[in-house]
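Structural features, examined
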Amino acid sequence: MGHTFEVTDSDLILDAPIIAVRRDTVRMPGGSLAHREVVEHFGAVAVAAVDSEGRIAMVKQWRQSVKRRLWELPAGLLDIKDEDPLECAKRELQEEAGLSAKSWMGLADLVTSPGFCEEAVRVYLATDLSAVERPSPADDEEADLSMDWVDLEEAAARVVRGEINNSIAVSGILAARAVLRDGLEGFSPSRDFDLRPQSLAGRRSGPDLKKG
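These notes cover the structure that comes with them. What you see is a predicted model, and the numbers here were worked out from it, not measured in a lab. (Residues numbered from 1 in each chain as written. Predicted model: local features only at pLDDT ≥ 70, side-chain atom pairs only at ≥ 80, totals over all residues. Heavy atoms only, no water.)

Structurally, Glu118 is set in the loop between strand S8 (99-111) and strand S9 (120-131). A relative accessible area of 18% places Glu118 in the buried class. One polar contact links Glu118 to Ser199, side chain to side chain, over a distance of 2.9 Å. The contact partners of Glu118, leaving out residues within four places of it in the chain, are Arg22, Val38, Val39, Glu40, His41, Pro197 and Ser199. (Helix = DSSP H or I, 4+ residues; strand = E, 2+ residues; numbered from the N terminus. Buried < 20%, exposed > 50% of the residue type's maximum accessible area, 1.4 Å probe, protein only. Polar contact = N/O pair within 3.5 Å; in protein donor to acceptor, adjacent residues only side chain to side chain. Contact = heavy atoms within 4.5 Å.)

Okay, structure coming up:
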């Protein structure tokens, strides 16, 4: 058994609509105490939607943190109290790509930045697609969002060429390729998402957790 990293104290530093930051005081293996800042997060879902021609739906969206538009998968926060991740994925697929799917599979559960952030993301594979009406986006980054279809092999090549940089998209593309082209098996879309963060959601009341 390894060392138990006991938290002896914890202070909330920032409480914003979609994140919070806390400072944990943690006992290290030698007995000393160290501070660790942790970004709290709701968790999220993403969808690798692949059509009958072997193309994956990609969206291009402005990301202020890196000051550029990134190619990504349709995705969204788990910011509705106790919402089932699969239902969130279905909603995001419609809102961002104007698509629905009859077949769903789990591809990967990711911890995106475990050095400082709680964010965990479940990535789904969606197939047997059909077009549906996309709701009018709010006046935010999604109003500038564009969508395109990319052959799955080409998408994997763009990952290797450094043209797709979003880590969730990279994981989803390569996992979808492994399942659809290499014969690996995904998992049940209803499998418990035990990595889903609880700290921030646990302090908020619903239904919209962003409003506190």
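Having put the structure on the table, let's press on.
Counted under the stated rule, the structure contains 25 salt bridges. Note that Arg22 and Asp24 form a salt bridge whose closest N and O atoms lie 3.0 Å from each other. Grouping residues by exposure puts Arg22 and Asp24 together as buried. Two residues, Arg91 and Glu95, come together in a salt bridge whose shortest N-O distance is 3.8 Å. Residue Arg91 and its partner Glu95 are both found in helix H1 (residues 85-97); the two are separated by four residues, about one turn of the helix. Residue Arg91 is classed as partly exposed on the basis of its relative accessible area, which comes to 23%. Residue classification places Glu95 among the partly exposed positions, given a relative accessible area of 26%. Salt bridges linked by common partners bring Arg22, Asp24, Glu40, Glu118 and Arg203 together as one network. (Salt bridge = Lys/Arg side-chain N within 4 Å of Asp/Glu carboxyl O.)

To continue, consider H1. In a regular helix each residue adds 1.5 Å, so 13 residues correspond to 18 Å; H1 covers 18 Å between its end C-alpha atoms and thus fits that length. Within H1 the residues assigned to the buried category are Pro85, Leu86, Cys88, Ala89, Glu92, Leu93, Glu96 and Ala97. Down the axis of H1, the buried set is contained in an arc of 150 degrees. They therefore lie on one face. Where H1 begins, the capping side chain belongs to Asp84, and its oxygen is found 3.0 Å from the backbone nitrogen of Leu86. Positioned one or two residues after H1, Gly98 has a phi angle of 65 degrees, which is positive. (Expected span 1.5 Å × (residues − 1). Arc of directions from axis to C-beta.)

Moving on to the sheet that holds strand S7 (residues 75-77). Read from one edge to the other, the open sheet built from four strands follows the order S7-S4-S9-S8, with strand pairing classed as mixed. Each of the sheet's edge strands pairs with one partner strand only, and the pair in question is S7 and S8. In this sheet, adjacent strand axes meet at a mean angle of 25 degrees when their direction is disregarded. Where strand S4 (residues 44-49) lies against S7, three bridges are found, and the strand directions are antiparallel. Bridge assignment links Ala46 to a residue of S7, and that residue is Ala75. In this fold H1 packs onto S4, S7, S8 and S9, with an angle of close to 115 degrees to the strand it touches most, S8. The strands touched by helix H3 (residues 167-180) are S4, S8 and S9; relative to S8, the strand with the most contacts, the crossing angle is about 115 degrees. (Pairing = 2+ DSSP bridges. Axes fitted to C-alpha atoms, helices over the stretch in contact; angles between N-to-C directions.)

Any functional reading would require information that these geometric values do not contain.
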